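Examination of the molecular architecture
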Amino acid sequence: MEYVEALKDKHYIHAMKEYLHKHSLRDNLFFVMGINMGLRVSELLQLKVQDVVEGEESIKEFYSGNDDYSPSIYINNQVRAALTSYLQTVEMEPHDYLFKSKKCALPITRQQAYRIINHAAKEVGVPGKVGTHTLRKTFGYHAYHSGVAISILQKHFHHTTPSETLRYLGIKKAENTLVKIDVNL
């Protein structure tokens, strides 16, 4: 497996979202969920409509993994918007895979997911190696720089030490991250 890094420059994130949105709402949703929820590609591909939607069209506030070890993950506004756009354009049942293949009822393959993300990255000029794991690392990198405690990210990624998580995200310990703790009571 090739080593990939997070998309640290938000310009490339926006460019990829724009590119994918023009070409496929399904692929755009895959990218948006990956960078906003930090799920593994295997977890993303196994998502079913009922995992994120309740009732007729109400998007859940949290996604809860299928095991006792995974924490519930907030479905933010970016994911909500991408989900809404996608679900308005397709006919899907609650038990359908969210990232259903165009050829069958199964989800797209890991290889297809890689091709989608890698191709979009090349089209918008992202330097370096990009793959599906880039999405998870991008989530962690930007969460950390937004003030999320390394201990929370460590738990999310199932790492044993904070230094393992920092290394995984490509963050040097000496990096000084300014965090606004703005309680504003």
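Look above for the structure.
One structure accompanies this document, and this report is about it. (Residues numbered from 1 in each chain as written. Predicted model: local features only at pLDDT ≥ 70, side-chain atom pairs only at ≥ 80, totals over all residues. Heavy atoms only, no water.)

Describing the overall build of the protein
Broken down by element type, the protein carries 9 helices and 4 strands. Summarising its shape, the C-alpha atoms of the protein cover approximately 50 × 40 × 30 Å along the three principal directions. The buried share among the 185 residues of the protein stands at 44%. Within the protein, contacts between residues separated by at least 24 positions form 61% of all contacts whose residues are at least 6 apart in sequence. Total accessible area computed for the protein in this model is approximately 11100 Å², and 50% of it derives from carbon and sulfur atoms. (Helix = DSSP H or I, 4+ residues; strand = E, 2+ residues; numbered from the N terminus. Buried < 20%, exposed > 50% of the residue type's maximum accessible area, 1.4 Å probe, protein only. Contact = heavy atoms within 4.5 Å. Areas by Shrake-Rupley, 256 points an atom, 1.4 Å probe, with all protein chains shown as cover.)

Comments concerning the packing of helix α2 (residues 25–37) against helix α5 (residues 77–87)
At a minimum axis distance of 9 Å, the contact between α2 and α5 shows a crossing angle of 160°. Comparing the axis directions of α2 and α5 gives the class roughly antiparallel. The handedness of the crossing between α2 and α5 is left-handed. Only Gln78, Val79, Ala82, Leu83, Ser85 and Tyr86 of α5 make contact with α2, whose side of the interface consists of Leu25, Arg26, Asn28, Leu29, Val32, Met33, Asn36 and Met37. Classifying every residue of the contact of α2 with α5 by side-chain character gives 9 nonpolar, 4 polar and 1 charged. (Axes fitted to C-alpha atoms, helices over the stretch in contact; angles between N-to-C directions. Parallel < 35°, antiparallel > 145°, perpendicular 65-115°, else oblique. Left-handed = near helix turned anticlockwise from the far one by under 90°. Nonpolar A, V, L, I, M, F, W, Y, C, P; charged D, E, K, R; others polar.)

Quick word on helix α1 (residues 10–23)
A rise of 1.5 Å per residue sets the reference length of α1, with its 14 residues, at 20 Å; its end C-alpha atoms lie 20 Å apart and thus fit the reference within 8%. Within α1 the residues assigned to the buried category are Ile13, Met16, Lys17, Tyr19 and Leu20. End-on view of α1: buried residues confined to an arc of 165°, all on one side of the axis. Opposite the buried face of α1, at more than 90 degrees from it, the exposed residues are His11 and Lys22. Here the buried face of α1 lies against α2, α5, α6 (110–124) and α7 (133–145). (Expected span 1.5 Å × (residues − 1). Arc of directions from axis to C-beta.)

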